[in-house]
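Listed here are the chains, written in short residue letters.
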Amino acid sequence: MDSNTPLPLALTTGEPAGIGAEVSLRAALQWQNQTPSLTPLVLMGDYDFLIATARNMALDVQFRHYDANAPFTHTQDATQIIQVAHVPLRAPATAGQLSTANAPHVLELLDTALNGIASQQFSGMVTAPVHKGIINDAGIAFTGHTEYLADKTQTDQVVMMLAGGGMRVALATTHVPLKLISDAITIPSLTRTLDILLHDLTVKFNIAQPRVLVTGLNPHAGEGGHMGMEEIDVITPVIQSFQQRGHDVRGPYPADTLFQPHYLNDADAVLAMYHDQGLPVLKYASFGHGVNITLGLPIIRTSVDHGTAIDLAGKNTADAGSMFAAIQCAHDMVHASHMNAAVNTQTNVSTRKI
Ligand SMILES: NC(=O)c1ccc[n+]([C@@H]2O[C@H](COP(=O)([O-])OP(=O)(O)OC[C@H]3O[C@@H](n4cnc5c(N)ncnc54)[C@H](O)[C@@H]3O)[C@@H](O)[C@H]2O)c1
Ligand SMILES: N[C@H](C(=O)O)[C@H](O)COP(=O)(O)O
């Protein structure tokens with residue numbers, strides 16, 4: 001490929017019984033129409049299934065098979081062409097009807113994108129939602145893209161961060177049952193989470209001196225130890241160690257009152273302790289336009305803020321705003337990473353390999 005042509009982003013179309021194909025197609029067309037010649041997209045999915053989905057949506061669109069040896073850019077007159085890296089379904093897909101038979105297909109979409117990134121065909125991946133339950137029902141242990149991609153890229157720890165509504169909310173734990181949360185937050189794990197968060201905010205989001213607000217774990221951040229000891233034993237010592245290293249990391253703040261402009265206006269990200277402490281606030285502020293980002297991976301990966309919406313599949317009513325935002329975010333992160341890599345090459349500043 002011409003070195004001036006940006007590498008495509010891989011877009012995995014997700015659970016075929018859900019809204020993944022619909023939001024992928026709609027957002028891809030919007031992206032290609034708004035930004036022709038910018039970053040091409042390649043959809044990972046079953047070619048005929050995507051054609052059938054487009055027909056059901058009455059989209060004015062043409063399809064072509066992705067060919068790594070024949071670069072394709074969405075020029076002004078080719079914005080309605082969708083490139084597909086064909087990953088065959090394992091069984092016919094019906095909107096709204098989950099099937100364990102297609103669980104391997106869903107994971108093959110991710111593997112195809114990963115292989116394409118490894119072989120430098122793609123600059124990153126944007127993922128449509130998968131259904132964690134049906135993959136487990138198929139006998140495949142799976143807790144989420146976040147953990148799957150960490151495992152596949154042999155990354156010891158990653159950080160889930162969602163962005164939307166003017167906020168970034170990162171999590172100290174990912175898909176962990178509530179009763180295991182306290183034990184999962186240790187001085188080493190929280191330190192590593194903050195290291196990853198600060199590093200990726202700098203390198204992938206171009207924030208020179210990230211300001212991070214950290215929540216407590218317990219009501220009222222433990223009320224001085226009367227409502228839990230995690231703040232005193234773990235969270236405060238970790239925050240202090242980052243402050244001693246010169247970072248703008250503050251807290252622990254009671255999570256129930258932290259999410260207000262008074263605090264947020266003076267911060268680049270909030271680090272919440274667990275999934276349902278931070279994400280409901282962010283999703284209330286931005287559902288349908290938020291982006292899920294996996295930090296700490298050696299690749300760029302973004303995703304939607306919603307799930308498979310089985311109840312909406314096939315109805316052509318799903319909002320593709322979050323998928324569009326995820327494409328935009330991945331595009332911006334690729335550019336920020338390239339810029340920072342160039343700066344570091346020039347100044348010989350070493351950064352952790354991402
Ligand atoms: N990135 C991902 O892969 C991802 C993200 C979140 C949830 N999930 C998975 O999705 C499955 C279903 O999860 P859930 O039911 O909790 O959440 P969901 O987001 O699928 O649905 C919640 C509600 O939001 C609505 N909704 C979701 N997306 C919408 C859209 N684009 N436009 C309009 N309305 C939309 C749905 O109709 C439903 O009423 C679970 O297996 C979950 O783990 C996957
Ligand atoms: N925690 C995510 C959310 O609430 O949006 C969602 O489950 C997706 O997670 P993965 O990206 O790990 O699949």
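Residues numbered from 1 in each chain as written. Chains lettered and ligands numbered in written order. Predicted model: local features only at pLDDT ≥ 70, side-chain atom pairs only at ≥ 80, totals over all residues. Heavy atoms only, no water.

## Points about helix α8 (residues 230-244)
To be explicit about the condition: Only DSSP runs of H or I with at least four residues qualify as helices, and only runs of E with at least two residues qualify as strands; both kinds are numbered from the N terminus onward. What a helix should span is 1.5 Å times the count of its residues minus one. To get the bend at a residue, fit one axis to the 7 residues ending there and another to the 7 starting there, then take the angle between the axes. Here the term buried applies to any residue with accessible area under 20% of the maximum for its type, exposed to any over 50%, and partly exposed to those in between, with areas from a 1.4 Å probe on protein chains only. Here a residue-residue contact requires only that any non-hydrogen atoms of the pair lie within 4.5 Å.
Along its 15 residues, α8 runs 20 Å from first to last C-alpha, staying within 8% of the 21 Å computed at 1.5 Å per residue. The sharpest bend along α8 reaches about 30° and sits at threonine 236, with the proline proline 237 one to four residues further on. The complete set of buried residues in α8 reads Glu230, Glu231, Val234, Ile235, Val238, Ile239 and Phe242. In the core, the buried residues of α8 are packed alongside α6 (181-184), α7 (187-203), β8 (211-215) and β9 (248-253). Remark: glycine 246 follows α8 within two positions and exhibits a positive phi of approximately 90°.

## Observations concerning the UniProt feature "binding site: a divalent metal cation" (unreviewed entry) in the protein
To keep things clear, this is the line we draw: UniProt positions are given in the numbering used here, feature names are shortened, and annotations may be inferred rather than shown by experiment.
UniProt feature "binding site: a divalent metal cation" (unreviewed entry): in the numbering of this structure it lies at His175, His220 and His275. Spanning 101 residues, the named residues are also spread out in space, since their farthest C-alpha pair is 23.3 Å apart. Relative to the elements of secondary structure, histidine 220 occurs in the loop between β8 and α8. A residue is classified by how much of its surface remains accessible, and histidine 220, at 42% relative accessible area, is partly exposed.

## Digging into the site of ligand 2
The cut-off we apply is this: The near set for a molecule or strand comprises every residue that places at least one heavy atom within 4 Å of it. Pairs of N or O atoms within 3.5 Å make up the polar contacts considered here, provided that, within protein, one atom can donate a hydrogen while the other can accept it, and that residues adjacent in sequence are counted only when both atoms are side-chain atoms. Here, Shrake-Rupley sampling with a 1.4 Å probe gives the accessible areas, and only protein chains in the shown set may cover a residue. Gly is put with the polar residues, along with every residue not named as nonpolar or charged; the nonpolar set is Ala, Val, Leu, Ile, Met, Phe, Trp, Tyr, Cys and Pro, and the charged set is Asp, Glu, Lys and Arg. For the domains described, the bounds stem from an automatic or database domain assignment.
Residues in contact with ligand 2, as listed here, are Lys132, Gly144, His145, Thr146, Met160, His175, His275, Leu279, Lys283, Asn292, Arg301 and Asp305. One of the side-chain nitrogen or oxygen atoms of histidine 275 is found 2.8 Å away from a nitrogen atom of ligand 2. Within the side chain of arginine 301, a nitrogen or oxygen atom sits 2.8 Å from an oxygen atom of ligand 2. When ligand 2 sits alone it has 350 Å² of accessible area, and the protein chains cover 89% of it. Looking at the shell around ligand 2, the elements with two or more residues in it are α5 (145-152) and α11 (275-286). Counting residues per element, the shell around ligand 2 draws most heavily on α11, at three residues. Taken together, the residues that form the shell around ligand 2 break down as two nonpolar, six polar and four charged. There are two domains that each give the shell around ligand 2 at least three residues, and those are domain 1 (1-155 + 297-345) and domain 2 (156-296).

## Describing the site of ligand 1
Taken together, the neighbourhood of ligand 1 is formed by 16 residues, with Lys132, Gly307, Ala309, Asp311 and Asp319 sitting nearest. At 3.0 Å, a backbone N or O of valine 130 approaches an oxygen atom of ligand 1. Within the complex, the protein chains bury 65% of what would otherwise be the 820 Å² of accessible surface of ligand 1. Within the shell around ligand 1, the residues separate by chemical class into seven nonpolar, six polar and three charged.

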